[in-house]
Amino acid sequence: MRSAAEAYRKYGSITAAARALGLKRQTFRSRLHRAAECGMCGTDPVIPGFSIRQVSTTEDAEGRVEKRHIQQRRASGQPFTLPAGMALKGVTALVDADGRVIHKHVMARADADRQAAVFAAATAALKDGLPRIAPTDGPPIVIGDLLNLYAVTDNHFGMLAWREETGSDYDLRIAERLLVDWFAAAIETAPQAHTAVLAQIGDLMHHDALESVTPLHRHVLDADSRLQKVIRIVIRTIRRVIDMLLQRHRHVHIIMASGNHDPASSAWLREMLAAMYETETRVSVDNSPSLYYAYEWGSTALFFHHGHRRGIGNVDATLAGQFREIFGRSRHAYAHIGHLHSDEGRKSALMYVERHETLAAPDAFAAGGGWLSGRSAKVITYHRDHGEVFRSTLRPEMVAGAANDNNPAGEMAA
């Protein structure tokens, strides 16, 4: 640092001094700034990299300067520009009495739109190489006018709960085994309907990135295992569930709704499933990027939304407006949401809106907050002309061990 200060005094400019010392200009500038901070450059205005903050002088009776005090501070840096991939989150400014800026703090966060565009481009490139599922024969006998809706929500794969703290244990192994057991029992008890709608209504995954936090508000989450392992088991579980449904139904329609915990994961899962089952004519996948989804079954209309943007009191108007043609053709309309992990139903002038419980155990946040909702998932059977005609509610303790085969889900996740 001292040599930088001496070279600057000798050569009179940063460029010349840097050349004399055989240093890059930026390297020399950094050393000179540090030397100035340590008082090695003197106080004659203006130390390189600094700016004058205040000058005080004392003069005699004839106006001659007797004493001068110079106060300096580090000069401001280059104009601020948002880094690539970041979006402006907020600005905090300190101003004087005249409204002039004294200090400004700029907050940035990852640009969600840019991330989504990058992700969409990567998905489009990757899905071309995915193996396609070969077509299979459906069951020989089905009831043509019936549809079974398998409504599951907020499974939170990757969440960790400790029984002593939350009342129930929950981890990646339990989540996989529970969901497979539930579908084994639900499929067995439901009518032999022509079509199945696998409605995963959001928050299938507990966290959406390498960090165990919620995407929007960055709330820290209790997480089990690494993200890649969670992804692997989610894919395996959903594929197994689809295979089970194909054995029972002629057609399977898949909805992987976007939730507040997993907006990116739901997107790649939709695109991956659409590509994998591209040649299986008995499977259709709703890979719309919208947060709202619909399926038309004769004069019965089914609508879906996670529930984080519109709740049970106002989602009906949004869905009727979003899918006005489907809604206009229907005689019976039903909406299904999740998000709050509790059951509630509301019949409006437009449709019956139902919020669903989750099979997942509560995490520490929910248990500590006193949100003591039950745990269940439902199979609801709809007729083309008559709407809902049957439903079955199955709880975790009712389905334990239902998928009792040679490769149980618990062993797969171990």
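Check the entry above for the structure.
Residues numbered from 1 in each chain as written. Predicted model: local features only at pLDDT ≥ 70, side-chain atom pairs only at ≥ 80, totals over all residues. Heavy atoms only, no water.

Caption draft 1: Expanded view of the overall build of the chain. If you tally the helices and strands in the chain, you get 13 helices and 15 strands. Burial status across the chain gives 43% buried among its 414 residues. Here the contacts in the chain between residues at least 6 apart in sequence split such that 66% fall between residues at least 24 apart. With an accessible surface of roughly 21,800 Å², the chain has 51% of that area assigned to carbon and sulfur atoms. (Helix = DSSP H or I, 4+ residues; strand = E, 2+ residues; numbered from the N terminus. Buried < 20%, exposed > 50% of the residue type's maximum accessible area, 1.4 Å probe, protein only. Contact = heavy atoms within 4.5 Å. Areas by Shrake-Rupley, 256 points an atom, 1.4 Å probe, with all protein chains shown as cover.)

Caption draft 2: Main features of the sheet that holds strand 8 (residues 283-286). The six strands lie next to each other as 8-7-6-5-14-15, forming an open sheet whose pairing is mixed. Edge positions in the open sheet fall to strand 8 and strand 15 (387-394), since each of these has one partner strand only. Shown here is a sheet whose adjacent strand axes are inclined to one another by a mean of 20°, direction ignored. Judged from the six bridges that link them, strand 5 (residues 143-152) and strand 14 (residues 377-383) form a sheet pairing that is antiparallel. Bridge pairing in strand 14 links L147 to Y382. Strands strand 5, strand 6 (193-200), strand 14 and strand 15 of the sheet are contacted by helix 6 (residues 172-189), whose axis makes an angle of about 155° with strand 5. (Pairing = 2+ DSSP bridges. Axes fitted to C-alpha atoms, helices over the stretch in contact; angles between N-to-C directions.)

Caption draft 3: The pairing of strand 8, seen in detail. Here strand 7 (residues 251-256) runs beside strand 8; their pairing, made up of four bridges, is parallel. Residue pairing in the sheet places I254 in a bridge with V285 of strand 8. For the crossover that starts at strand 7, traverses helix 8 (residues 263-276) and ends in the parallel strand 8, the hand is right-handed. (Right-handed = clockwise from strand over helix to strand, strands pointing away.)

Caption draft 4: Representation of the pairing of strand 12 (residues 344-347). Strand direction decides the pairing type here: strand 12 and strand 13 (residues 352-355), joined by four bridges, are antiparallel. Directly across from E344, in strand 13, lies its bridge partner R355.

Caption draft 5: Representation of the packing of helix 1 (residues 2-11) against helix 2 (residues 14-21). Look at helix 1 against helix 2: their axes get within 8 Å of each other, and the N-to-C directions meet at 125°. With respect to their mutual orientation, helix 1 and helix 2 come out oblique. In the crossing of helix 1 with helix 2, the sense of the turn from one axis to the other is right-handed. Within the contact between the two elements, helix 1 uses S3, A4, A7, Y8 and Y11 and helix 2 uses I14, A16, A17, A20 and L21. (Parallel < 35°, antiparallel > 145°, perpendicular 65-115°, else oblique. Left-handed = near helix turned anticlockwise from the far one by under 90°.)

Caption draft 6: Summary view of the packing of aromatic side chains. By the definition in use, this model includes six aromatic pairs. An angle of 85° between the planes, with centres 4.9 Å apart, marks the rings of W182 and F183 as edge-to-face. What links up through ring pairs into an aromatic cluster is the set Y150, W182 and F183. Across from the ring centre of W297, 3.8 Å away, lies the NZ or CZ of R384, which sits over that ring. (Phe/Tyr/Trp six-rings, centres within 6.5 Å; stacked < 30°, edge-to-face > 60°. Lys NZ or Arg CZ within 6 Å of the ring centre and 35° of its normal.)

Caption draft 7: The packing of helix 6 against helix 7 (residues 227-248), seen in detail. Interhelical geometry of helix 6 versus helix 7 gives an angle of 10° and a closest axis separation of 10 Å. Classed by the angle they form, the pair helix 6 and helix 7 counts as roughly parallel. On the side of helix 6, the interface is formed by L172, E176, L179, V180, F183, A184, I187 and E188, while helix 7 contributes K229, V230, I233, R236, T237, R240, V241, M244, L245 and R248. Tallied by class, the residues present in the contact of helix 6 with helix 7 amount to 11 nonpolar, one polar and six charged. (Nonpolar A, V, L, I, M, F, W, Y, C, P; charged D, E, K, R; others polar.)

Caption draft 8: Molecular detail of the sheet that holds strand 12. Taking strand neighbours across the sheet as the criterion, the five strands line up as 9-10-11-13-12 in an open arrangement whose pairing is mixed. Both edges of this open sheet fall to strand 9 (292-297) and strand 12, since each of them pairs with a single strand only. This sheet shows a mean twist of 15° between the axes of neighbouring strands, independent of strand direction. Pairing geometry for strand 10 (residues 300-305) and strand 11 (residues 332-337), over five bridges, is parallel. By the bridge assignment for strand 11, T300 is matched with H332. Sheet contacts for helix 9 (residues 315-322): strand 9, strand 10, strand 11, strand 12 and strand 13; angle to strand 9, the most-contacted strand, approximately 65°.

Caption draft 9: Broad picture of helix 6. In this model helix 6 runs 26 Å from its N-terminal to its C-terminal C-alpha over 18 residues, within 8% of the 26 Å that 1.5 Å per residue would give. Within helix 6, 14 of the 18 residues are buried, which leaves it mostly tucked inside the rest of the structure. At the N-terminal boundary of helix 6, the capping side chain belongs to D171, with an oxygen 3.2 Å from the backbone nitrogen of R173. (Expected span 1.5 Å × (residues − 1). Polar contact = N/O pair within 3.5 Å; in protein donor to acceptor, adjacent residues only side chain to side chain.)

Caption draft 10: Region of interest: the pattern of salt bridges. Scanning the model with the defined rule gives 10 salt bridges in all. Here D316 and R346 are joined by a salt bridge, their closest N and O atoms 3.4 Å apart. A residue pair is termed long-range when its members are at least 10 positions apart, and D316 in helix 9 and R346 in strand 12 qualify at 30 residues. The exposure class of R346 is partly exposed, given its relative accessible area of 30%. Several salt bridges share partner residues, and in doing so they unite E354, E388 and R391 into one network. (Salt bridge = Lys/Arg side-chain N within 4 Å of Asp/Glu carboxyl O.)

Caption draft 11: Quick look at unusual backbone geometry. For D154, which is not glycine, the phi dihedral falls at a positive 55°. Following the sequence through the fold, D154 ends up in the loop between strand 5 and helix 5 (163-166). Given the relative accessible area of 0%, D154 is considered buried. In this structure, H156 takes a positive phi of about 50° despite not being glycine. With respect to the element layout, H156 can be found in the loop between strand 5 and helix 5. With a relative accessible area of 4%, H156 lands in the buried category.

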